Amino acid sequence: MKAKVQFSKKADGSALIGIIITILVFAALGAAIVPMISSSQLHRTATGRSAQAYYLAESGMRYAASQYLNATSENAKYTALNTIHGVPHQLQDNQGAFTVSVNPYYFIVDVDLLNSTTLITRTYGDTAYSFPLAGGSLSINDAVYSFSSASIVGQVITFNALSSPLTVPADTPVYPVAQTLAQTLSKGGDLSLSPGSGELFPDRNGSFILAGNTYTYQENNRDANTLMGITRTDGSDFSDLLVTANEDIRLKKFVKTTSTGYVGSGDMMASRDIVYHVQIPEEKDPQRIVFHERFNNLDMW
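Residues numbered from 1 in each chain as written. Predicted model: local features only at pLDDT ≥ 70, side-chain atom pairs only at ≥ 80, totals over all residues. Heavy atoms only, no water.

Caption draft 1: Quick peek at empty space enclosed by the protein. Enumeration over the complete set of coordinates arrives at one cavity of 30 Å³ or more. What the largest cavity holds in volume is close to 40 Å³. Around the largest cavity sit Leu193, Gly198, Glu199, Asn220, Asn221, Arg222, Asn225 and Thr226, which together line it. Tallied by class, residues from the lining of the largest cavity come to one nonpolar, five polar and two charged. (1 Å grid on protein atoms, 1.4 Å probe; cavity = no way out; pocket = protein on both sides within 12 Å on 5 of 7 lines; lining within 4 Å. Points joined across faces, edges and corners; volume = space filled by probe spheres on them. Nonpolar A, V, L, I, M, F, W, Y, C, P; charged D, E, K, R; others polar.)

Printed below as a string of structure tokens:
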């Protein structure tokens, strides 16, 4: 006699419920994984575009440097930087672009002057200063002149009421000058300035001439009228230096350059900025100038 096997309807229902729950669990997992995969892919794409934008910004900086260094005269250097300022440079096949902006901390005599107490200069790019200026000092052909005020129209800057008449040809560089307080200057120390006289000096990494030698500072503390972290620009040691009151220090040729790289468009566009605060060569510089950034203060980068 054969035994009959009977299946419980209750057991059949339980198995079905288990299968449905399993399907739902896997469906939920799949729904969760898909956005994660998409997000990961988007993150990799954004990271790649950001890196591309950075490299484009570096290319822009190198392009600006080559344009300046290959120019054969002061006027040609001025024209080269002024020409590239703020102009987008597009790569072929829409592979990206870069834009370079320049903010110089020196001026160029605009017209020939003969026994003039008004100095007319021009700048390139965007000026690094806020006008009008209340007064200060300038160096022209190694002579120092004070002025009572300065104003700007376009890229032409006029300095009024010079301390003595000036005769100078066009295209002569004009550099800011500050005055010191009496002190002893040590390597790595600070240089105190006469109140307000350092306003035309850059915020960081500027170089200046004092007693025939060139020094570099890390930061211009305007509130304290102090240039901080003084070293010799060529990296050499120096003994403590006795600085007298009202010694003139002349800023070396200096420019702040910002290069921005762009990749993509719309929501998928990535951009990166590179900012350099650098001394640039002068005609009289006999050696290459190298500044070693220690990155011990990143607040202004």
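Caption draft 2: Here's a closer look at the sheet that holds strand E2 (residues 97-104). Here we have four strands laid out as an open sheet, ordered E1-E2-E21-E22, and antiparallel in their pairing. Single-partner strands in this sheet number two, and they are strand E1 (89-90) and strand E22 (270-279). Sheet analysis places E2 next to strand E21 (residues 254-263), joined by eight bridges and oriented antiparallel. Bridge assignment links Pro104 to a residue of E21, and that residue is Val255. (Pairing = 2+ DSSP bridges. Helix = DSSP H or I, 4+ residues; strand = E, 2+ residues; numbered from the N terminus.)

Caption draft 3: Quick look at the pairing of strand E5 (residues 119-122). Here two bridges tie strand E3 (residues 107-109) to E5, and the two strands are oriented antiparallel to one another. By the bridge assignment, Val109 is partnered in E5 with Thr121. Relative to strand E9 (residues 156-160), E5 runs antiparallel, the two sharing four bridges. Counted as the bridge partner of Leu119 is Phe159 from E9.

Caption draft 4: Layout of helix H2 (residues 74-84). All of the buried residues in H2 are Glu74, Lys77, Tyr78, Ala80, Leu81 and Ile84. Taken down its axis, H2 places every buried residue within 160 degrees of arc, on the same side. Remark: Gly86 follows H2 within two positions and exhibits a positive phi of approximately 70 degrees. (Buried < 20%, exposed > 50% of the residue type's maximum accessible area, 1.4 Å probe, protein only. Arc of directions from axis to C-beta.)

Caption draft 5: A look at the pattern of salt bridges. Scanning all chains against the criterion turns up seven salt bridges. Here Asp110 makes a salt bridge to Arg122, at a shortest N to O gap of 3.4 Å. Of this pair, Asp110 sits in the loop between E3 and strand E4 (113-116) while Arg122 sits in strand E5; the two residues are 12 residues apart in sequence, bridging distant segments of the chain. For Asp110, a relative accessible area of 27% gives the class partly exposed. (Salt bridge = Lys/Arg side-chain N within 4 Å of Asp/Glu carboxyl O.)

Caption draft 6: Representation of the packing of aromatic side chains. Using the criterion set out here, one finds 13 aromatic pairs in the structure. Among the aromatic residues, those joined into a cluster by ring pairs are Tyr105, Phe107, Tyr129, Phe147, Phe159 and Phe254. Over the face of the ring belonging to Tyr78 we find Arg122, whose NZ or CZ atom lies 4.3 Å from the ring centre. Above the ring of Tyr175, the side-chain terminus of Arg250 is found at 4.0 Å from the ring centroid. (Phe/Tyr/Trp six-rings, centres within 6.5 Å; stacked < 30°, edge-to-face > 60°. Lys NZ or Arg CZ within 6 Å of the ring centre and 35° of its normal.)

Caption draft 7: Structural detail: the nonpolar core. Leu119, Phe159, Leu191, Phe208, Leu227 and Ile249 are the most contacted members of the largest nonpolar core, which totals 35 residues. Contacts of Phe208, omitting those with residues within four sequence positions, involve Leu191, Phe201, Asn213, Thr214, Tyr215, Tyr217, Leu227, Ile230, Ile249, Arg250, Leu251 and Lys252. (Core = buried A, V, L, I, M, F, W, Y, C linked by side-chain atoms within 4.5 Å. Contact = heavy atoms within 4.5 Å.)

Caption draft 8: Main features of the confidence of the model for the protein chain. Per-residue confidence for the protein chain gives a mean pLDDT of 84, with 78% of residues at or over 70. In the predicted structure, residues 285-293 sits below a pLDDT of 50 and forms 11 contacts with residues beyond four places in sequence or in another chain. (pLDDT = per-residue confidence, 0-100.)

Caption draft 9: Structural view of the environment of Thr167. Its place among the elements puts Thr167 in strand E10 (residues 166-168). Exposure remark for Thr167: the relative accessible area of 47% places this residue in the partly exposed category. Within the structure, Thr167 has its side chain in polar contact with the backbone nitrogen of Asn115 (distance 2.9 Å). (Polar contact = N/O pair within 3.5 Å; in protein donor to acceptor, adjacent residues only side chain to side chain.)

Caption draft 10: Just the side chain of Ser116, in detail. Within the secondary structure, Ser116 is located in strand E4. Look at Ser116 and you get buried, because its relative accessible area is 18%. Side-chain polar atoms of Ser116 contact the backbone oxygen of Thr118, separated by 2.7 Å. The residues contacting Ser116, other than those within four sequence positions of it, are Leu162, Ser164, Pro165 and Leu166.

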